[in-house]
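Descriptive analysis of the structure
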Amino acid sequence: MIKVGIVGGTGYTGVELLRLLAQHPQVQLVAITSRGEAGTAVSDMFPSLRRRLDLKFEDPASADLRSCDLVFFATPNGVAMTQAPALLDAGVRVIDLAADFRIKDVAEWERWYGMSHASPDWVEKAVYGLPEHDRSGISKARLVANPGCYPTAVQLGFMPLVEAGVVDLGQLIADTKSGVSGAGRKAEIPTLFAEASDNFKAYAVPGHRHLPEIQQGLSTMAAQPVGLTFVPHLTPMIRGIHATLYARIKNDADFQRLFEERYRGEAFVDVLPPGSHPDTRSVRAANLCRIALHRPQQGKVLVVLAVIDNLVKGAAGQAVQNMNIMFGRPETEGLWQLAVLP
Ligand SMILES: NC(=O)C1=CN([C@@H]2O[C@H](COP(=O)(O)OP(=O)(O)OC[C@H]3O[C@@H](n4cnc5c(N)ncnc54)[C@H](OP(=O)(O)O)[C@@H]3O)[C@@H](O)[C@H]2O)C=CC1
Ligand SMILES: CC(=O)N[C@@H](CCC(=O)OP(=O)(O)O)C(=O)O
């Protein structure tokens, strides 16, 4: 059994980890932390876990995280970089769902995240956890930087094209929409029901902190710098990301076949038949990215549609997928849930 701890068990990604790990046949959950809810039974806060999880939240300062094989950090940016190194030094493996270890250029990370980095050495050693790109690196990693939600959808949607070099790498466009759970569980005015429901808006158009993360990933795949315009939107649904991606064709090819071959054998990427329009509902609660390709009017622009559940393939599900790879388990173990309909 893999002994697992979670720091930050009361947030949306934390409870999503609990939902998935409580169903995982090879996981023993040993510690779940919350500073605000220490002493509360997990199932009192989340009744969906009653009779499946018999633990109380503990304060992170006193929880026995060092006896774990693996600790997930489902905490705000800036927490894991101060708390994970002591665990790593004690031989515990770590998966951080936040952005602390995602960007290799520490000065750039500090610019986008507005804080100085507490642990640059571990940034260098961390492996970026997009399994479909670097399964082998993840299998050997002690510290995995779990990708952001938008970066997961955008990178999976563009990856076959940038790897093959068949599109103009200077002018990629990602037009993305997220449900409000992407903003986390904390109270904030833009995600109040009266603000976010029956409403739709773009945000962070001049620059969103996922831009450098996506550019780093796509540039690595392309082995050259990639130019990207990234525009996120907040849409009135709870879960889900819909990415509409545009790429100008440089070399003609059978693009449908390119995607099907690149993702053949991938359990968690589903390339749909030509002309499909994937909806976020088809991946809700599932660890899955569904992708469809279009070439409107047989013109020079390819349109890729990619959908994920931001809390699953965009966060907790991908983190469990990374855990399976790190511990030599079958990648789909505990992760084969179907989407929830309606
Ligand atoms: N929501 C999403 O769709 C996605 C989120 N992420 C990332 O995952 C991380 C968690 O997100 P989310 O679940 O939405 O966040 P929430 O804000 O909903 O939850 C944060 C959790 O962290 C705990 N926490 C906060 N500060 C500290 C601290 N200093 N030390 C220890 N624990 C702390 C909180 O509990 P308490 O304060 O009681 O200790 C809470 O359990 C974030 O970094 C987010 O950016 C990544 C991909 C997608
Ligand atoms: C809708 C919404 O607000 N989404 C969040 C991004 C999701 C997130 O939590 O960011 P990480 O994946 O980097 O952790 C935002 O735009 O800030």
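Residues numbered from 1 in each chain as written. Chains lettered and ligands numbered in written order. Predicted model: local features only at pLDDT ≥ 70, side-chain atom pairs only at ≥ 80, totals over all residues.

What counts here: UniProt positions are given in the numbering used here, feature names are shortened, and annotations may be inferred rather than shown by experiment.
An unreviewed UniProt entry annotates the protein chain as N-acetyl-gamma-glutamyl-phosphate reductase of Accumulibacter regalis. Per UniProt, the comment on the protein chain under Pathway (unreviewed entry) is "Amino-acid biosynthesis; L-arginine biosynthesis; N(2)-acetyl-L-ornithine from L-glutamate: step 3/4." Checking UniProt for the protein chain, the heading Function (unreviewed entry) contains the comment "Catalyzes the NADPH-dependent reduction of N-acetyl-5-glutamyl phosphate to yield N-acetyl-L-glutamate 5-semialdehyde."

Focus on the packing of helix 7 (residues 149–164) against helix 11 (residues 312–326)
Helix packing for two helices is described by the angle between their axes and how far apart those axes are. Note the threshold: Geometry is summarised by axes, namely lines fitted to C-alpha atoms with helices restricted to the contacting stretch, and by angles between N-to-C directions that run from 0 to 180 degrees. Working definition: helices are DSSP H or I runs of at least four residues, strands are E runs of at least two. Numbering for both runs from the N terminus. Working definition: roughly parallel below 35 degrees, roughly antiparallel above 145 degrees, roughly perpendicular at 65 to 115 degrees, and oblique for all remaining angles. This entry defines residue contacts through backbone-placed C-beta atoms, with two residues in contact when those atoms are within 7 Å. Under this grouping Gly is polar, as are all residues other than the nonpolar Ala, Val, Leu, Ile, Met, Phe, Trp, Tyr, Cys and Pro and the charged Asp, Glu, Lys and Arg.
Where helix 7 contacts helix 11, the axes come no closer than 8 Å and their chain directions differ by 100 degrees. In terms of their interaxial angle, helix 7 and helix 11 are classed as roughly perpendicular. The segment helix 7 lies against helix 11, with Cys149, Thr152 and Ala153 engaging Lys313, Gly314, Ala315 and Gln318. Each residue belonging to the contact of helix 7 with helix 11 can be placed in one class, and the counts come to three nonpolar, three polar and one charged.

Observations concerning the environment of Asp96
Along the polypeptide, Asp96 turns up in strand 5 (residues 93–96). Through-space distance from the C-alpha of Asp96 to that of Leu143 is 7.7 Å; in sequence the pair is 47 residues apart. Discounting chain neighbours no more than four positions away, the residues touching Asp96 are Phe73, Ala80, Ala84, Phe101, Ala145 and Asn146.

Things to note about the packing of helix 6 (residues 131–140) against helix 11
Under the convention used in this document: Note on convention: the crossing is left-handed when the near helix lies turned anticlockwise from the far helix by less than a right angle, right-handed when the turn is clockwise.
Relative to each other, helix 6 and helix 11 sit at 40 degrees, their axes nearing to 9 Å. In terms of axis orientation, helix 6 runs oblique to helix 11. Two packed elements cross with a definite hand, and for helix 6 against helix 11 that hand is right-handed. Residues Pro131, Arg135, Ile138 and Ser139 of helix 6 touch helix 11, and the partners they reach there are Gln321, Asn322, Ile325 and Met326. Class assignment for the residues of the contact of helix 6 with helix 11 results in four nonpolar, three polar and one charged.

Some remarks on the site of ligand 2
Using the following cut-off: Only the C-beta atom matters for nearness: placed from the backbone, it must lie within 6 Å of the molecule or strand for the residue to count as near.
Around ligand 2 lies a shell formed by Ala98, Ala99, Gly148, Cys149, Ser178, Gly182, Ala183, His210, Pro232 and Leu234. Of the residues contributing to the shell around ligand 2, the split by class is six nonpolar, four polar and no charged.

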